[in-house]
Amino acid sequence: MRTLTNISHWTGKYFAPLVIVAAVFAYFFTELAVLSNAVNILLGIVMFGMGLTLKATDFSMIFKKPAHVIIGVLLQFTVMPLLALLIVWLFGFPPEIAIGIILLGSVPGGTASNVMVYLAKGDVPLSVTMTTLSTLLAPVATPLIMYGLANNWLPVDPFDLFLSITHIVLIPIILGVIFNSFFSRGVQKVTAALPLVSVTAIILIVMGVVAANAEQIIEVGLPIFAAAFLHNCGGYLLGYWIAKLLKVDPAQCRAVSIEVGMQNSGLASGLGAAHFSPLTALPGAIFSVWHNISGPILANYWNRKNSDH
């Protein structure tokens, strides 16, 4: 178990380069496109792992500081979709890619954000609560946002999206929580290995999506990467400064910033592939690569910073 824990720690530490290497590898070996058929299963495994780590105390921030949690979740489901819409208009992306970027802006925060908040010396309980709450709200929030913002490009069926997110996200999380409640001792023994499972699943998702879109990447890859940079960094900045304007403490500003800026790109890829096309899943894969570069950079910057200005 110690060896497995060490491997898990290593993969978590080097997540960003591993994702980049996997994406490059998948670009040249397009046979890996078959992995895109398993995206939803892989996401379900990640969400089940998230559920295994949740406890009742993770929701305590909702009652201790409800205003901070509400501010963060509202920013998540307003700033990021609208920013995605603005970027799509600025770049003039074709419908399938436009849908993918708006979808990415409409999903909840990514689970990796909690680790980034910890490394940034931010408010980890607030981060965990925001991630959990936004994820639980996603079956309703994401379909409604998508219908309101993206239906002009391609037909969006909010009920189908609701069912997919419920199956991929909500049910696995609930099962994980139940499993943790009844078998907590056993779960504690394998908790250290959970990051390895999540990292492996996300890498496989990225590989499947990149391989399935290898021919289009040369044409659209760079503009999508530019969109990822603008969307992600815009989320960090707006999340931080809006929270600061609302008189939120510095550690909590950092948590809100990272939670708002880092999206569940794997979920966006899975929903894009399932409901639209492989090309719609591509923004999620490219954004995932960028998120795992920018997150550690920002966390390291805040970790080294002695005081906020």
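Residues numbered from 1 in each chain as written. Predicted model: local features only at pLDDT ≥ 70, side-chain atom pairs only at ≥ 80, totals over all residues. Heavy atoms only, no water.

### Looking at helix α2 (residues 15–28)
Helix length check: α2, at 14 residues, gives a terminal C-alpha distance of 21 Å against a target of 20 Å (1.5 Å per residue), a fit within 8%. Listed in full, the buried residues belonging to α2 are Phe15, Ala16, Val19, Ala22, Ala23 and Ala26. The buried residues of α2 all sit within an arc of 130° when viewed along its axis, so they share a single face. Exposed positions of α2 whose direction lies more than 90 degrees from the buried face are Val21 and Phe28. (Helix = DSSP H or I, 4+ residues; strand = E, 2+ residues; numbered from the N terminus. Expected span 1.5 Å × (residues − 1). Buried < 20%, exposed > 50% of the residue type's maximum accessible area, 1.4 Å probe, protein only. Arc of directions from axis to C-beta.)

### Quick word on the environment of Ile258
Among the structural elements, Ile258 can be located in helix α14 (residues 250–261). Accessibility expressed as a relative area gives 1% for Ile258, which makes it buried. Through-space distance from the C-alpha of Ile258 to that of Pro81 is 16 Å; in sequence the pair is 177 residues apart. Residues in contact with Ile258, not counting those within four places in the same chain, are Ser113, Met116, Val117, Ala120, Tyr236, Leu298 and Trp302. (Contact = heavy atoms within 4.5 Å.)

### Side note on helix α10 (residues 158–182)
Every α-helix winds through 3.6 residues per turn, so residues three or four apart in the chain are directed the same way. Here α10 is 25 residues long and its end C-alpha atoms lie 34 Å apart, about the 36 Å a rise of 1.5 Å per residue gives. The axis of α10 is deflected most strongly, by about 40°, at Thr166. Taken residue by residue, α10 has Leu161, Ser164, Ile165, Thr166, Ile168, Val169, Pro172, Ile173, Gly176 and Asn180 as its buried positions. Taken together, the buried residues of α10 touch α3 (39–52), α9 (124–150), α11 (184–190) and α15 (265–275). Between a side-chain oxygen at the N-terminus of α10 and the backbone nitrogen of Phe159 the separation is 3.1 Å; the capping residue is Asp157. (Bend = angle between axes of the 7 residues up to and from the residue. Polar contact = N/O pair within 3.5 Å; in protein donor to acceptor, adjacent residues only side chain to side chain.)

### Focus on empty space enclosed by the protein
All told, the structure shown has 1 cavity of 30 Å³ or more when counted by the stated rule. In terms of lining, the largest cavity is formed by Ile202, Ile205, Val206, Ser265, Gly266, Ser269, Gly284, Ala285 and Ser288. Residue classes in the lining of the largest cavity are distributed as 4 nonpolar, 5 polar and no charged. (1 Å grid on protein atoms, 1.4 Å probe; cavity = no way out; pocket = protein on both sides within 12 Å on 5 of 7 lines; lining within 4 Å. Points joined across faces, edges and corners; volume = space filled by probe spheres on them. Nonpolar A, V, L, I, M, F, W, Y, C, P; charged D, E, K, R; others polar.)

### Overview of the UniProt feature "transmembrane region" (unreviewed entry) in the protein
The UniProt feature table records "transmembrane region" (unreviewed entry) at residues 12–29, 35–54, 66–91, 97–119, 126–149, 161–183, 190–214 and 220–242. Summarising residues 35–54: 70% helix, 0% strand, and an end-to-end C-alpha distance of 28 Å. Spanning residues 220–242, this segment combines 100% helix with 0% strand, and its end C-alpha atoms are found 32 Å apart. (UniProt positions renumbered as here; feature names shortened; annotations may be inferred.)

### Some words on the nonpolar core
In terms of nonpolar packing, the biggest core is built from 90 residues, with Ile101, Met146, Ile224, Ile258, Leu271 and Leu282 touching the most fellow members. Per-element tally for this core: the top contributor is helix α16 (residues 278–304), with 11 residues. (Core = buried A, V, L, I, M, F, W, Y, C linked by side-chain atoms within 4.5 Å.)

### As for the environment of Val260
You can see Val260 is positioned in helix α14. Residue contacts for Val260: discarding those within four places in its chain leaves Gly72, Leu75, Gln76, Met80, Gly235 and Gly239.

### Focus: the packing of aromatic side chains
Considering all chains together, one arrives at 9 aromatic pairs under this definition. With centroids separated by 5.7 Å and ring planes inclined at 75°, the aromatic side chains of Phe225 and Trp290 adopt a geometry described as edge-to-face. Taken as a pair, Phe225 in helix α13 (residues 214–245) and Trp290 in helix α16 lie far apart in primary sequence, 65 residues in all. Relative accessible area serves as the criterion here: at 12%, Trp290 is assigned to the buried category. Here Tyr240 and Trp241 contribute two aromatic rings whose centre-to-centre distance is 5.5 Å and whose plane-to-plane angle is 85°, an arrangement assigned as edge-to-face. (Phe/Tyr/Trp six-rings, centres within 6.5 Å; stacked < 30°, edge-to-face > 60°.)

### Observations regarding the side chain of His291
Within the element layout of this structure, His291 appears in helix α16. Sequence-distant contacts of His291, that is, excluding residues within four places in its chain, are made with Leu104, Asn232, Gly261, Met262, Gln263, Ser265 and Pro296.

### Considerations on the layout of surface pockets
Gaps left between atoms are located by rolling a probe of water-molecule size over the structure's atoms. Quantified by volume, the largest pocket comes out at close to 1400 Å³. Residue assignment for the lining of the largest pocket shows that the elements contributing at least two residues are α1 (2–13), α2, α3, α8 (112–119), α9, α12 (194–212), α15 and α16. Residue composition of the lining of the largest pocket, by class: 25 nonpolar, 20 polar and 2 charged.

### Details of the confidence of the model for the protein
Across the protein, the average pLDDT comes to 84, with 94% of residues at or above 70. By mean pLDDT, the top-scoring element of the protein is helix α6 (residues 79–91) (95), and the lowest-scoring one is α1 (69). (pLDDT = per-residue confidence, 0-100.)

### Section: the packing of α14 against α16
To describe two helices that pack against each other, one gives the angle between their axes and the distance between the axes. Relative orientation of the contacting elements α14 and α16 amounts to 170°, with a least axis distance of 11 Å. As far as their axial angle goes, α16 and α14 are roughly antiparallel. In this structure, α14 contributes Arg254, Ser257, Ile258 and Gly261 to the contact, and α16 contributes His291, Leu298 and Trp302. (Axes fitted to C-alpha atoms, helices over the stretch in contact; angles between N-to-C directions. Parallel < 35°, antiparallel > 145°, perpendicular 65-115°, else oblique.)

### Re the environment of Thr191
For Thr191, the position within the fold is in the loop between α11 and α12. Assessed through its relative accessible area of 33%, Thr191 is described here as partly exposed. Considered as a pair, Thr191 and Lys65 are 126 residues apart in the sequence and their alpha carbons are 28 Å apart.

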